[in-house]
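Here are the chains, one letter per residue:
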Amino acid sequence: AEIPDSVFELLHAEIVRVLKNGKDGSRSNTELKLKLEEMGYRVGQGWIEKCTKDRAPFKDELDVMKFVCKEFWMSVYNKQVDNLRTNHQGVYVLQDNKFHFFGQMSSTAQYTDEAHMYMAFPGGMLRGALAAVGVNCTVGCEITSMPACKFTISVLPS
Amino acid sequence: LISTMARQARATESRKISSELFTLTYGALVNQLVKDYESDVEVNKQLDKMGYNIGVRLIEDLLARSNVGRCHDFRETAEVISKIGFKTYLGVTPTIANWSGGYDEFSLILDHNPLAEFVEIPDDHKKLFYSNILSGVLRGALEMVHQEVEVKFIQDTLRGDDTTEIRLKFIRKLEDAIPAGEE
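Throughout what follows, the structure given in this document is the object of discussion. Note that the coordinates shown come from a computational prediction; the quantities given were computed from them, not determined experimentally.

Attention now moves to the packing of aromatic side chains. All names here are of chain B. By the definition in use, this model includes 16 aromatic pairs over all chains. Between Tyr-26 and Tyr-130, the ring centres sit 5.4 Å apart and the planes meet at 85°, which makes this aromatic pair edge-to-face. You can see Tyr-26 sitting in helix 2 (residues 19–36) and its partner Tyr-130 sitting in the loop between strand 3 (105–110) and helix 5 (133–144), a full 104 residues away along the chain. Here Tyr-130 falls in the buried class, since its relative accessible area comes to 5%. For the cation-ring pair, Arg-75 lies above Tyr-103, with the distance from its terminal atom to the ring centre recorded as 3.9 Å.

Structure representation (C-alpha cells):
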C-alpha cells in the first residue's frame, strides 16, 4: 500500500527523540548518531532489496548512483536528488535542496545538533543501500543551508 | 485561515511512500528498543509514548487531507478511525466489534496488520505488544479532538493469540484540550 509520507517523517522524528535515552540514561550525541546510522543501514539494505527485486543487475557504479539518485531517493523522500557530482574516482556528492526530513525546522536550526542528527538515519540508509548492491563506502552528511544538504559518498577500494 | 489553506494544499499533494518502508523502519525501531530496555512492559510503554507524540500531530494531517467533520458520538468516531484513519495511514480497515452496552467501548480487530508483516517474536518476549505504537497514536489523536480515550492491545497474533485486537474505551470529553506534552 501507499501511505502519506507525513507519518514516516513523524516516526523518524520520534525515533531520534527516543533513541537519545539509551539503556542507562542518555546517549551522547556521538553514540546517538551511531545508533541512528546503524538503524538506517539495516533499513537501507532491506529497502533497496525490495526496490531492485525485479530489476536487471546494475551495469557499473555510476549506474548504481543514478538509481540511488532517482528511484531510490524517490521511494524514500518523494523527490529525486537535485544534483549529483563525481570526480570519477569513487567520490560522489548528492545534493538535496529540500530535504524532507527537516520538516518544519527553521533555517537557524542548521547550527543545532538536532538538524544534524536528522541526517544520521538517512545517511545510514544510503550507506546500507549501497552496500547491499555491492558498493561499500563511507557516507558523510552535511547541511549546506537549510533545507539543503549534501551526502558525500566515498567508495572504498575493494 | 491562511495556514489552514496552506495545510490543505500541502495535504492534497500526493506525497506517498510504500508502507513496506514504514514497516521496515518500525521493525528496526522495535528491535533497538528491545535492546535498550530490558523489560517488554517498558518497551510497550516507550512505544505508547512515541505513538502519542505522533498521534497529536498526525491528527492535523488527517483532518487536512480528509475533510472529516466532528464526530457526534463514539460510534462515529469508531467509523472514522477505521475507515479513514487506519485506511489512510496503514492501508487497512480494521473491523469494529465488541461494543459495550453503553457504546463507550469497542474493539478494532486487525485481520491484517501491516506493521507486523514478516515479524516473528522470540519466545522470551511474550509480554511485548509489537504494534503498541498504535495505542499511543490513537490516544494522542483522539485527545486533540477532545476525547480522552483509553487504548490498549488485548490480543496480538504475534504473541500467539487468535486475533489482533485493540480495545478503545471512552473516558470523557475534554474541554480545553491542551495536551501535557510527553517527553
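Inspection of the secondary structure assignment puts Gln89(A) in the loop between strand 4 (83–86) and strand 5 (91–96). In this structure, the C-alpha to C-alpha distance between Gln89(A) and Asp60(A), residues 29 residues apart in sequence, is 13 Å.

Now for the sheet that holds strand 3 of chain B. Residue and element names in this part refer to chain B. Taken together, the four strands give an open sheet; going across it, the order is 2-3-5-4, and neighbouring strands pair in antiparallel fashion. Across the chains shown, the open sheet's two edge strands, defined by having one partner strand only, are strand 2 (95–97) and strand 4 (147–155). On average, each strand axis in the sheet is inclined to that of its neighbour by 25°, with strand direction left out of account. In this structure, strand 2 lies alongside strand 3, joined through three bridges in antiparallel fashion.

Our focus in this paragraph is the environment of Phe170(B). All names here are of chain B. Within the fold, Phe-170 resides in strand 5 (residues 164–173). Accessibility expressed as a relative area gives 27% for Phe-170, which makes it partly exposed. Sequence spacing of Phe-170 and Glu-150 is 20 residues, and the spatial spacing of their C-alpha atoms is 6.5 Å. Once residues within four sequence positions are removed from consideration, Phe-170 is found in contact with Phe-74, Asp-104, Gln-147, Glu-148 and Val-149.

This brings us to the interface of chain A and chain B. Taken residue by residue, the interface counts 33 residues in chain A and 38 residues in chain B. When the two sides are added together, the surface that chain A and chain B hide from each other amounts to roughly 3500 Å², 63% of it contributed by carbon and sulfur. Taken together, chain A and chain B are joined by three salt bridges. Residue Arg27(A) pairs with Asp36(B) through a salt bridge whose shortest N-O separation is 2.7 Å.

Here the focus is the pairing of strand 4 of chain A. All names here are of chain A. Here four bridges tie strand 4 to strand 5, and the two strands are oriented antiparallel to one another. Considered in strand 5, the bridge of Thr-86 is made with Tyr-92. Counting the residues that bridge the hairpin from strand 4 to strand 5 gives four residues, and of these His-88 lies at a positive phi of roughly 60°.

Turning next to the sheet that holds strand 7 (residues 148–155) of chain A. For sheets, the rule is that strands pair by backbone hydrogen bonds, running either parallel or antiparallel. Residues and elements named next belong to chain A. Read from one edge to the other, the open sheet built from four strands follows the order 4-5-7-6, with strand pairing classed as antiparallel. Lying at the two open borders of the sheet, with one neighbouring strand each, are strand 4 and strand 6 (137–145). Neighbour to neighbour, the strand axes of the sheet diverge by 20° on average, direction disregarded. Relative to strand 7, strand 5 is paired through six bridges, and the arrangement is antiparallel. Bridge assignment links Gln-95 to a residue of strand 7, and that residue is Lys-150. Relative to the sheet, helix 3 (residues 61–77) contacts strand 4, strand 5 and strand 7, its axis offset from that of strand 5 by approximately 15°. Sheet strands in contact with helix 5 (residues 120–132) are strand 5, strand 6 and strand 7, and its direction is about 145° off that of strand 6.

Moving on, we get to the pattern of salt bridges. Residues and elements named next belong to chain B. One pass over the full model with this rule turns up 18 salt bridges over all chains. In this structure, the salt-bridge partner of Arg-65 is Asp-61, at a minimum N-O distance of 2.9 Å. Taken together, the residues span about one helical turn, with Arg-65 and Asp-61 both in helix 3 (residues 40–66) at a distance of four residues. Judged by relative accessible area, which is 25%, Arg-65 ranks as partly exposed. Of the charged contacts in the structure, one is a salt bridge between Glu-148 and Arg-172, with a shortest N-O distance of 2.9 Å.

Here Met146(A) and Pro147(A) are connected by a cis peptide whose omega angle stands at -5°. Looking at where Pro147(A) falls in the secondary structure, it is placed in the loop between strand 6 and strand 7. Of note, His146(B) is a non-glycine position whose phi angle comes to about 70°, a positive value. Residue placement: His146(B) occurs in the loop between helix 5 and strand 4.

Rules used in this analysis
Residues numbered from 1 in each chain as written. Chains lettered and ligands numbered in written order. Predicted model: local features only at pLDDT ≥ 70, side-chain atom pairs only at ≥ 80, totals over all residues. Heavy atoms only, no water. Phe/Tyr/Trp six-rings, centres within 6.5 Å; stacked < 30°, edge-to-face > 60°. Helix = DSSP H or I, 4+ residues; strand = E, 2+ residues; numbered from the N terminus. Buried < 20%, exposed > 50% of the residue type's maximum accessible area, 1.4 Å probe, protein only. Lys NZ or Arg CZ within 6 Å of the ring centre and 35° of its normal. Pairing = 2+ DSSP bridges. Axes fitted to C-alpha atoms, helices over the stretch in contact; angles between N-to-C directions. Contact = heavy atoms within 4.5 Å. Buried area = accessible area lost by both parts, 1.4 Å probe. Salt bridge = Lys/Arg side-chain N within 4 Å of Asp/Glu carboxyl O.

Remember, this is a structural readout, not a statement about activity or role.
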